[in-house]
Amino acid sequence: MRFEPRRNKTVSPRTRRLRVAGGTLCAAALAATLVTGCGQDSGDETAAATSEAAKVLPNQTTSPSESVSGSPSAQLTEEQTERKELLSTVKVTFDKAATTAIGEVSGGKLTDLDLEGLDDEDDDDATGSPSPTGSPTGGTSPSPEGTSSPGGTGSPSPSGSSASPKWVAEVVEKDGTAHNVTIDAVSGDVIDFAPEAGQSAADKQELAAQITKATQTPQQAAKVALSRQKGWVTSMALDENDSQVLVWKIDVVSKGWNKTTFDVDAVKGTITNEQIDED
């Protein structure tokens, strides 16, 4: 927001500073410095006062708004810029994407949901597995509470277009069979749906055990994370942490475009760990 300097209609800032420097001048002389001196005094005394006042004027070369916009704190990192640009185009929030994905698999449960193209390279480095999903506050596009997009200014790409942001979900059947569902994050249409390839019997057994044990839904886990940090949920995944505790790993991008990863106990619904990625 641009803050305009407050204007004083009766005494200008310059006049106030002159009053400090030229204390011997009367109020009338200060108000009319460029016209006359105090009483019958003329140019020499007034010029001297003006010269003294000039010494106390601040050496300001930029306006307040320019200094704010140009300050380091206002500069976004490459990762923050990418988050902002991507989220500004997303119209389908994580909860809507989750509902759509689950609807494709009868009796299935969501175990993973990611906003494709967001922090892909460092997803595995964060302490609570990075995952995209949501938004800080409701609306028609992802926003700080999971409903509207931060900017909403990006022009939507055609449904299914390679340029369109996408939600990629994993939905697991009761027996552990996993299915991948890709959803257009602008239109909400299902772009692709297929069983996960290469699943072993052990993989299915592990997934079946996890979805049975997890009493907290992904939506409930996201609500817990958003209660700690308002923002857009951009990822969630059901997994075990380093202590072998089953958790939902939830990524939340704040309005400042930083990402925080939360580990939410999939049984108790409590936050067991959080890590802020300020890049």
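That block above? That's the structure.
Figured I'd write up the structure that's included with this text.

Parameters and conventions
Residues numbered from 1 in each chain as written. Predicted model: local features only at pLDDT ≥ 70, side-chain atom pairs only at ≥ 80, totals over all residues. Heavy atoms only, no water. Helix = DSSP H or I, 4+ residues; strand = E, 2+ residues; numbered from the N terminus. Buried < 20%, exposed > 50% of the residue type's maximum accessible area, 1.4 Å probe, protein only. Contact = heavy atoms within 4.5 Å. Areas by Shrake-Rupley, 256 points an atom, 1.4 Å probe, with all protein chains shown as cover. Arc of directions from axis to C-beta. Pairing = 2+ DSSP bridges. Axes fitted to C-alpha atoms, helices over the stretch in contact; angles between N-to-C directions. Salt bridge = Lys/Arg side-chain N within 4 Å of Asp/Glu carboxyl O.

### A few points about the overall build of the protein chain
Scanning the protein chain from terminus to terminus reveals 8 helices and 8 strands. Burial analysis of the protein chain (279 residues in total) assigns 42% to the buried set. Intrachain contacts of the protein chain at a sequence separation of at least 6 include 58% that bridge at least 24 residues. Entry remark: accessible area of the protein chain is about 15100 Å², with carbon and sulfur atoms responsible for 50%.

### With respect to helix α6 (residues 94-103)
Among the residues of α6, those classed as buried are Phe 94, Ala 97, Ala 98 and Ala 101. Take α6 and look down its axis: the buried residues cluster within an arc of 100°, on one side only. With respect to the buried face of α6, the exposed residues turned more than 90 degrees away are Thr 99 and Gly 103. Where α6 is buried, its residues meet β1 (109-115), β2 (166-172), β3 (178-184), α8 (218-228) and β5 (232-240).

### What to know about the environment of Val 247
Counting through the fold element by element, Val 247 comes out in strand β6 (residues 246-253). Accessibility expressed as a relative area gives 0% for Val 247, which makes it buried. Taking C-alpha positions, Val 247 is 5.8 Å from Asp 263, a pair spaced 16 residues apart along the chain. Each residue touching Val 247, except ones within four places of it in the same chain, is listed here: Ala 237, Leu 238, Asp 239, Asn 241, Asp 263, Val 264, Asp 265, Ala 266 and Thr 272.

### Considerations on the sheet that holds β5
With antiparallel pairing, 8 strands are arranged side by side in an open sheet as β4-β3-β2-β1-β5-β6-β7-β8. Pairing within the sheet leaves two strands with one partner each, and these edge strands are β4 (190-195) and β8 (271-277). Direction aside, the axes of adjacent strands within the sheet are offset by 20° on average. In this sheet, β8 lies alongside strand β7 (residues 259-265) in antiparallel orientation, the contact comprising 6 bridges.

### Brief notes about the pattern of salt bridges
Applying the stated criterion to the full structure yields 4 salt bridges. The partner of Asp 277 in a salt bridge is Arg 83, with the nearest N and O atoms 3.5 Å apart. Taken together, the residues span a long stretch of sequence, with Asp 277 in strand β8 and Arg 83 in helix α5 (residues 78-87) at a distance of 194 residues. You'll find Asp 277 and Arg 83 in the same group, each marked buried.

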